[in-house]
Amino acid sequence: MKQVLKQLRSDAGLTQADLAERLGVSRQAVIALETDKHIPSLDLAYRIATVFDRPIEAIFENPYRTPPV
């Protein structure tokens, strides 16, 4: 997820502080998300998806998804 979130943030011209403010979290929380040190709650995942106007699946990998056969 870290590359996707960081790339989306960068493409949107947002700093970590900007994104943190939009999400209602600390800048340290954004850093932790971008470096895979924190997994977002469902609520936070929805807020992130809303900020970038993308479905959650486009930002976060589903660890329970079975690969196609």
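Residues numbered from 1 in each chain as written. Predicted model: local features only at pLDDT ≥ 70, side-chain atom pairs only at ≥ 80, totals over all residues. Heavy atoms only, no water.

Draft legend 1. Highlighting the overall build of the chain. From N to C terminus, the chain includes 5 helices and 0 strands. Listed by position from the N terminus, the elements making up the chain come as α-α-α-α-α. In terms of overall size, the chain behaves like a compact globule, its C-alpha atoms giving a radius of gyration of 12 Å where 69 residues would be expected to give roughly 11 Å. With the principal axes as the frame, the chain shows a C-alpha extent of 40 × 20 × 20 Å. Looking at the chain residue by residue over its 69 residues, the buried ones come to 30%. (Helix = DSSP H or I, 4+ residues; strand = E, 2+ residues; numbered from the N terminus. Rg over C-alpha atoms; globule rule 2.2 N^0.38 Å. Buried < 20%, exposed > 50% of the residue type's maximum accessible area, 1.4 Å probe, protein only.)

Draft legend 2. Looking closely at the pattern of salt bridges. Summed over the entire model, instances satisfying the criterion amount to 2 salt bridges. Arg9 is the salt-bridge partner of Glu34, the closest N and O atoms lying 2.5 Å from each other. Of the two residues, Glu34 is situated in helix 3 (residues 27–34) and Arg9 in helix 1 (residues 2–11); the sequence distance between them amounts to 25 residues. Judged by its relative accessible area of 10%, Arg9 falls in the buried class. One salt bridge in this structure joins Arg47 and Asp43, with 3.0 Å as the shortest N-O distance. Here Arg47 and its partner Asp43 are both found in helix 4 (residues 42–51), 4 residues apart, which amounts to about one turn of the helix. (Salt bridge = Lys/Arg side-chain N within 4 Å of Asp/Glu carboxyl O.)

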